[in-house]
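Coordinate inspection notes
Spelled out from the first residue to the last, the chains are:
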Amino acid sequence: MKTYLKIIVILVVFFKTETLLSKNNLFNVNNIKVEKKENSSNNYLANQAIQKGFDELINKILLKEDIKKLSDLSFPSIKQLVTYYQVSKSLDEKKNIELANFNITFDKEKIHELFYKRNILYSEILDKDLFVLPVIIKNNEVFIFNNNFFYQNWNEVLDDDLIEFILPLENIEIIQKINKNRNNLIDIELNSLFKEYPSKNLALILIEDTEAKNKKVYFKTRIQGKNISSNLNFKKQNKSSNDLNRDIIKMSKIEITNLVKSENLIDIRTPSFINAKLNFNKKTNIVKFNSRIRNIDLVENIYVQDFNKDFMNLRIKYLGKLEKVINQLENENIKLELVDDKWVLEIFK
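**Quick look at the packing of aromatic side chains**
As enumerated under the stated definition, the model contains eight aromatic pairs in all. Here Phe27 and Tyr122 contribute two aromatic rings whose centre-to-centre distance is 5.6 Å and whose plane-to-plane angle is 65 degrees, an arrangement assigned as edge-to-face. Taken together, the residues Phe27 in the loop between helix H1 (2-13) and strand S1 (28-35) and Tyr122 in strand S4 (residues 122-123) connect sequence positions 95 residues apart. Each ring, one from Tyr85 and one from Phe102, has its centre 5.6 Å from the other, and the planes form 55 degrees; the classification is tilted. Of this pair, Tyr85 sits in strand S2 (residues 82-92) while Phe102 sits in strand S3 (residues 97-106), placing them 17 residues apart in sequence.

Here's what the structure looks like:
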């Protein structure tokens, strides 16, 4: 009797084996605030919020060059991408104005179809922490923690939730390391500056402050274990020193964010598949397994190949890199590992 019940549960839970699984929030855009004026209709407010939400979404997940590929997308086309939205009222006490606050969910399948047609890759950043150290080079001197506008004001400019920039606390070892390599900072080993974070995303930013018309900024980064270097030039023009420095921080953050995006790209045109076995034991809960795996955005579909009272063979369709899928599974308390050259799934906790 128990065997029959287990089979019934499997059939019910995995009846629709070709349904898009993820319920993750990558394509959700929350806290879109629109001013609610006296004559503004609900439809007008919703349209404003949808356009604003879509702009936020593509700026979050697309590279700069791919955002341009959607510049001709009409608002009716954008509106069709919305699954649903929620709205609540709030008050901006400082300005004394009433606001409509929207949470918007865009349809993942429709977004994927749009990106597929326009040859667009999108990015899902799982590790948002990035340890950054901006250093000023001026008159053959280096300024690391003290007298360093960029270090002191880095997190005061362009605040967003895509990348969490973390600056190291003043550290004598960092000072000694940089002073020792002051004549060749571009070749300094990043791990020697961020010893406590060897597996994290890292960035050293070198800002040349000279009398020239342009300021040069060099980026030495390690993202997803890959070393990447780039540089930017900034024209001084008639800007004040503070305004120019704020522009440098803003554009530097955008540059680094774009580098992180480029190393976390997902190509929906080239999905991958993996066959895995889920053994049934006392810890195995099919309903819980199905619920957890639905939270994994990189898992597109899951197909039941065959099953019996002891195990179930699954074929998993996923996007991106397998190691990221494995990490996401672990976050949902599901282990995927190779056992005797075969992939095996296990639920824990």
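**Section: the sheet that holds strand S13 (residues 299-307)**
Sheet strands pair via backbone hydrogen bonds, and the direction of the pair is either parallel or antiparallel. The sheet built from five strands is open, its strands ordered S13-S14-S12-S16-S15 with mixed pairing. Each having just a single partner strand, S13 and strand S15 (334-339) make up the two edges of the open sheet. Neighbour-to-neighbour, the strand axes of the sheet open up by a mean angle of 35 degrees, direction not taken into account. In the sheet, strand S12 (residues 272-279) pairs with strand S14 (residues 311-318) via eight bridges, with the strands oriented antiparallel. Each residue of the ladder has a partner; that of Phe273, found in S14, is Lys317.

**What about the sheet that holds S3?**
With respect to topology, three strands assemble into an open sheet ordered S1-S3-S2, the strand pairing being antiparallel. Each edge of the sheet is formed by a strand with only one pairing partner; in this case those strands are S1 and S2. If you compare each strand with its neighbour and ignore which way they point, the axes differ by 25 degrees on average. Bridge count for S1 against S3 is six bridges, and the pairing is antiparallel. Within S3, the residue paired with Lys33 across the bridge is Asn101.

**Some words on the pairing of strand S5 (residues 129-138)**
Most of S5 is tucked away: seven of the 10 residues are buried. In terms of strand pairing, S5 meets strand S7 (residues 164-166) through three bridges, oriented parallel. Note that in S7 the partner of Phe131 across the bridge is Ile166. Inspection of the sheet shows S5 paired to strand S8 (residues 201-208) by eight bridges, in the parallel sense. Counted as the bridge partner of Pro134 is Ile205 from S8. Where S5 and strand S6 (residues 141-143) come together, three bridges link them in antiparallel fashion. Within S6, the position partnered with Ile136 by the bridge is Phe143. What sits between S5 and S6 in their antiparallel hairpin is a turn of two residues, with Asn139 showing a positive phi close to 50 degrees.

About the criteria used
- Residues numbered from 1 in each chain as written.
- Predicted model: local features only at pLDDT ≥ 70, side-chain atom pairs only at ≥ 80, totals over all residues.
- Heavy atoms only, no water.
- Phe/Tyr/Trp six-rings, centres within 6.5 Å; stacked < 30°, edge-to-face > 60°.
- Helix = DSSP H or I, 4+ residues; strand = E, 2+ residues; numbered from the N terminus.
- Pairing = 2+ DSSP bridges.
- Axes fitted to C-alpha atoms, helices over the stretch in contact; angles between N-to-C directions.
- Buried < 20%, exposed > 50% of the residue type's maximum accessible area, 1.4 Å probe, protein only.

These results come straight from atomic positions and should not be treated as a statement about function.
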